[in-house]
Amino acid sequence: MQPASRIREIGEFKTLEQFIIERQLEVSESTGSFSRLLRDISVAAKLVNWHMRRAGIVDVFGQTGEINVQGEVQQIMDALAHKEFVRALKRGGECCLIGSEEHSEAIPMRTSIDTGRYIVLLDPLDGSSNIEVNVSVGTIFSIYQMPDDVSEPTLESALQPGTRQVAAGYVVYGSSTMLVYTTGHGVNGFTLDPAIGEFLLTHPEIKTPRTGKMYSVNEGNYNSFEQGLKEHIKWMQHEDSDSGRPLGTRYIGSFVADFHRNLLKGGLYIYPATHKNPEGKLRLMYEANPLAMIVEEAGGAASTGAGRVLDVVPTKLHQRVPVYIGCVDMVRTAESFLRGELRYP
Ligand code: P6P
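Our subject in this report is the structure included herewith. (Residues numbered from 1 in each chain as written. Predicted model: local features only at pLDDT ≥ 70, side-chain atom pairs only at ≥ 80, totals over all residues. Heavy atoms only, no water.)

Bringing the packing of helix α5 (residues 227-237) against helix α8 (residues 328-338) into the picture now. Two elements in contact, α5 and α8, have axes whose closest approach is 7 Å; the angle formed by their N-to-C orientations is 130°. The angle between the axes of α5 and α8 places the two elements in the oblique class. Crossing of α5 against α8: the hand is right-handed. Facing Gly228, Leu229, Glu231, His232 and Trp235 of α5, the residues of α8 in contact are Met330, Thr333, Ala334, Phe337 and Leu338. When grouped by side-chain class, the residues that make up the contact of α5 with α8 number 6 nonpolar, 3 polar and 1 charged. (Axes fitted to C-alpha atoms, helices over the stretch in contact; angles between N-to-C directions. Helix = DSSP H or I, 4+ residues; strand = E, 2+ residues; numbered from the N terminus. Parallel < 35°, antiparallel > 145°, perpendicular 65-115°, else oblique. Left-handed = near helix turned anticlockwise from the far one by under 90°. Contact = heavy atoms within 4.5 Å. Nonpolar A, V, L, I, M, F, W, Y, C, P; charged D, E, K, R; others polar.)

As a further point, take the pattern of salt bridges. Per the counting criterion, the structure on display carries 14 salt bridges. Put simply, glutamate 231 and arginine 343 hold a salt bridge, and the shortest N to O gap is 2.6 Å. Taken together, the residues span a long stretch of sequence, with glutamate 231 in helix α5 and arginine 343 in the segment after α8 at a distance of 112 residues. Relative accessible area serves as the criterion here: at 55%, arginine 343 is assigned to the exposed category. Connected through salt bridges with shared partners, the residues Glu296, Arg308 and Asp311 form a single ionic network. (Salt bridge = Lys/Arg side-chain N within 4 Å of Asp/Glu carboxyl O. Buried < 20%, exposed > 50% of the residue type's maximum accessible area, 1.4 Å probe, protein only.)

Read across the sheet, 5 strands follow the order β10-β9-β11-β13-β12 without closing on themselves; strand pairing throughout is mixed. The strands lining the two open edges of the sheet, one partner per strand, are β10 (248-249) and β12 (301-303). Two strands pair when backbone bridges link them, and strand β9 (residues 214-216) and strand β11 (residues 268-271) are joined in this way by 2 bridges, in the parallel orientation. Its bridge partner lying in β11, serine 216 is registered against tyrosine 269. Running at roughly 155° to strand β13 (residues 323-326), α8 makes contact with β9, β11, β12 and β13 of the sheet. (Pairing = 2+ DSSP bridges.)

A separate point is the site of the ligand. If you check the shell around the ligand, you find Asp126, Gly127, Asn218, Tyr251, Gly253, Ser254, Phe255, Tyr269, Tyr271, Lys281 and Leu282 and nothing else. Residue lysine 281 places a side-chain N or O atom 3.0 Å away from an oxygen atom belonging to the ligand. Expressed as a share of its isolated accessible area of 400 Å², the protein-covered part of the ligand is 77%. Of the residues assigned to the shell around the ligand, the class counts are 5 nonpolar, 4 polar and 2 charged. (Near = heavy atom within 4 Å. Polar contact = N/O pair within 3.5 Å; in protein donor to acceptor, adjacent residues only side chain to side chain. Areas by Shrake-Rupley, 256 points an atom, 1.4 Å probe, with all protein chains shown as cover.)

Approximately 430 Å³ is the volume found for the largest pocket. Around the largest pocket sit 21 residues that line it, and Asp126, Gly127, Gly253, Lys281 and Glu287 are the ones nearest its centre. Those elements that provide at least two residues to the lining of the largest pocket are β3 (118-126) and β11. Broken down by element, the lining of the largest pocket gets its largest block of residues, 3 residues, from β3. Partitioned by chemical class, the residues of the lining of the largest pocket number 6 nonpolar, 6 polar and 9 charged. (1 Å grid on protein atoms, 1.4 Å probe; cavity = no way out; pocket = protein on both sides within 12 Å on 5 of 7 lines; lining within 4 Å. Points joined across faces, edges and corners; volume = space filled by probe spheres on them.)

Time to look at empty space enclosed by the protein. Per the counting criterion, the structure on display carries 2 cavities of 30 Å³ or more. When its volume is computed, the largest cavity comes out at roughly 40 Å³. Every residue lining the largest cavity is listed: Thr208, Phe259, Asn262, Leu263, Tyr269, Val295, Ile325, Gly326 and Cys327. Those elements giving two or more residues to the lining of the largest cavity turn out to be α6 (255-265) and β13.

Next up, the structure:
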């Protein structure tokens with residue numbers, strides 16, 4: 001008789017706070033400041049999760065015509081998420097500057113008593129157009145330290161290449177709510193247990209496979225793709241059982257959700273330059289860079305097609321880049337097609 005699979009007691013799971021304290025030596029000057037910053041981010045994530053889980057209720061009210069669900073709910077949710085993160089970071093006092101997709105300018109956070117030296121760049125709610133159809137959405141955050149030679153936080157002090165991030169993470173509000181982050185010492189995933197209001201370490205030391213059987217791209221834009229990408233897509237669709245092709249396609253229209261699935265199962269997410277978005281659609285500072293840090297730490301790769309995402313020297317807070325991100329072998333194959341080194345047919 002097979003023994004029943006052992007159900008772990010809740011107390012066996014390490015909470016995010018316990019994990020952060022245990023690991024705080026990873027980030028230099030472990031004065032506890034970084035630990036408190038991450039706690040502030042997790043508090044905001046729990047509040048956004050609370051709003052998210054009632055969005056459906058608002059949606060029902062919206063169907064009575066009382067609330068314009070489509071635009072307002074999305075706008076409410078984007079603004080709400082932004083507000084929760086700004087409020088939590090302001091109260092925490094560890095953050096000196098915020099760059100948010102929801103705010104055109106960088107937001108200074110210091111008051112006279114604050115000495116925080118962390119800069120947080122974030123997309124408070126990525127993919128929010130999916131909320132009213134109950135598809136997973138996410139928050140993405142990137143953390144830098146103020147340069148040592150800078151006393152007052154300015155936008156310039158935030159515009160650092162992705163290689164200088166001290167930490168990066170995302171929250172995916174899906175069938176469960178997970179927070180995944182790295183400080184450059186492994187990637188760890190925490191699942192929110194709403195019953196106790198804690199993020200629990202459920203996915204320690206996440207590693208992504210070298211290759212995968214899935215790719216994510218909006219093929220509706222196919223005609224505006226550059227030739228190398230067109231050939232790459234047709235190559236992935238070619239029937240060749242020896243090489244495991246054709247690959248499958250999964251494209252949710254929510255970067256965090258597509259990225260998270262590909263991180264765990266293997267895959268390649270592509271948002272290239274298109275006629276409508278000639279620089280690509282995804283933002284470098286608070287979408288591409290943080291997920292690039294995570295995927296590289298997990299053994300994957302992230303490219304603009306022309307080079308490493310993390311090496312891009314930023315010039316603007318909201319600049320966009322093309323993104324090829326996921327399993328290292330799949331990203332390298334994409335780059336080879338884009339350079340014309342690989343051809344199809
Ligand atoms: P498209 C959401 O707006 C987003 O930034 C990503 O989350 C998502 O992957 C992408 O845009 C979807 O864009 O042009 O395919 O609808």
